[in-house]
Structures are given as structure tokens and as C-alpha cells.
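# Structural overview
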Amino acid sequence: MPAKDQVPGTVQRSDDKAERTWEKTYDSALETYDDDGARAHRVAFAALKHSYEKVGDHWEPKDEKGPSDERAAEGGLDSDRATAGGVDANASKQHLQEVAKRLDVPGRSSMTKAELVDAIGKANDRETAKARDKKT
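Only a predicted model underlies this, so the values are computations on that prediction, with no experimental measurement involved.

## As for the overall build of the protein
Within the protein one finds six helices and two strands. With the C-alpha coordinates aligned to their principal axes, the bounding extent of the protein is approximately 50 × 35 × 25 Å. Looking at the protein residue by residue over its 136 residues, the buried ones come to 40%. Of the contacts formed within the protein by residues at least 6 apart in sequence, a portion of 41% connects residues at least 24 apart. Of the roughly 8,200 Å² of accessible surface on the protein, 47% is carried by carbon and sulfur atoms.

## As for the pairing of strand β1 (residues 52-55)
In β1, alternate side chains face the same way, and those of Y52 and K54 on one face and E53 and V55 on the other are all buried. Taken together, the four bridges between β1 and strand β2 (residues 58-61) define a ladder with antiparallel strand orientation. By the bridge assignment for β2, V55 is matched with H58. Linkage of β1 to β2, two consecutive antiparallel strands, is achieved through a turn of two residues, within which G56 is found at a positive phi near 70 degrees.

## Examining helix α5 (residues 93-102)
Residues spaced three or four apart along an α-helix face the same direction, because each turn holds 3.6 residues. Listed in full, the buried residues belonging to α5 are H95, L96, V99 and A100. For α5, the angular spread of buried residues about the axis comes to 140 degrees, placing them on one side. Pointing more than 90 degrees away from the buried face of α5 are the exposed residues Q94 and K101. Of the residues one or two after α5, D104 is the one with positive phi, at around 55 degrees.

## A short note on the nonpolar core
Grouped together as the largest cluster of nonpolar side chains are 16 residues, with contacts concentrated most on V87, L96, L103, V105, V117 and I120. Where this core is concerned, the elements lending two or more residues are α5 and α6 (113-135). For this core, the element with the most residues is α6, which contributes five residues. Among all residues touching I120, those that are not within four sequence positions of it are V87, L96, V99, A100 and L103. A18, W22, Y26 and W59 belong to the second-largest nonpolar core, a separate cluster that totals 13 residues.

## Thoughts on unusual backbone geometry
We note that D104 has phi near 55 degrees; this positive angle belongs to a residue other than glycine. With respect to the helices and strands, the residue D104 is situated in the loop between α5 and α6.

## Describing a positive patch on the surface
Together, K17, R20, K24 and K65 make up a positively charged patch on the protein surface. Residue placement: K24 occurs in helix α2 (residues 16-32). For K24, a relative accessible area of 62% puts it in the exposed group.

Conventions we followed
- Residues numbered from 1 in each chain as written.
- Predicted model: local features only at pLDDT ≥ 70, side-chain atom pairs only at ≥ 80, totals over all residues.
- Heavy atoms only, no water.
- Helix = DSSP H or I, 4+ residues; strand = E, 2+ residues; numbered from the N terminus.
- Buried < 20%, exposed > 50% of the residue type's maximum accessible area, 1.4 Å probe, protein only.
- Contact = heavy atoms within 4.5 Å.
- Areas by Shrake-Rupley, 256 points an atom, 1.4 Å probe, with all protein chains shown as cover.
- Pairing = 2+ DSSP bridges.
- Arc of directions from axis to C-beta.
- Core = buried A, V, L, I, M, F, W, Y, C linked by side-chain atoms within 4.5 Å.
- Patch = residues over 30% accessible without salt bridge, like charges linked within 9 Å, V, L, I, M, F, W, Y side chains within 5 Å.
- Salt bridge = Lys/Arg side-chain N within 4 Å of Asp/Glu carboxyl O.
- Lys, Arg positive; Asp, Glu negative; His and termini not counted.
- Charge placed at Lys NZ, Arg CZ, Asp CG, Glu CD.

Here it is, written out as C-alpha cells:
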């Protein structure tokens, strides 16, 4: 199925470049991996995470391009490492605190960097769920 029919809501709520990146990568991955839609989704998100980070219910450009977490830096399908789910875990602690502030994460000022990444991920999940509920 072509990308236009498969674009996730979080990508649709992002800027045009994020959507184009996801769509082009998804379509290319479908051709490369013989119409394996699940793999094409993973590849498209991996490409998106290189330039974007998830903030709330959408994706925003990162200050610096590159892998968003150890899992992304490692690459490949056979990793047992967890992903940060779109949170730019390689960003500075200050940047993560700013994102946490925008998402109104309680206790952010006393959190470690790893705790901020986890808390932002949970806040992103909540915001995405709210956005989905508004559609129904």
C-alpha cells in the first residue's frame, strides 16, 4: 500500500518535510523489501528519527542530525536494545529538560538524563493518545 495511505497520525501532524521523508522512505522500503509493510514502517521511522524527534503528538526537527539513541546508532534488526521511541536520547540534558517543560512533565528539574528520556516518552504517548481520541 503506498505511503499516502499509511502515514501515521504523528507524522501527519508534523511539518511537510517530515511527512515527505516518511513517505519517500516508506515507498522505497516497500520496493526493497518486497511489500513488507511492517518493515517499511520501521525503516521509515528510522529515517525520520535521524532528523526529527517526537515531541508530544508530532515530530519536530532536531538541532543536530544523527541517531536518536543507542539502538538507532547500532542499526540492524537483530538488536536486543530498547529504542527511545522518538525521544532524542542523545540530546543534551538541558534540551531534554526544555522538552519536558513544554510537555509539563512533573519533577523534571531533579531527573537524570535517562529519567527525562523515559518521562518524555511517556508524555509523548499520552499526547498521542489524546490526539487519537479527538479524531474519534
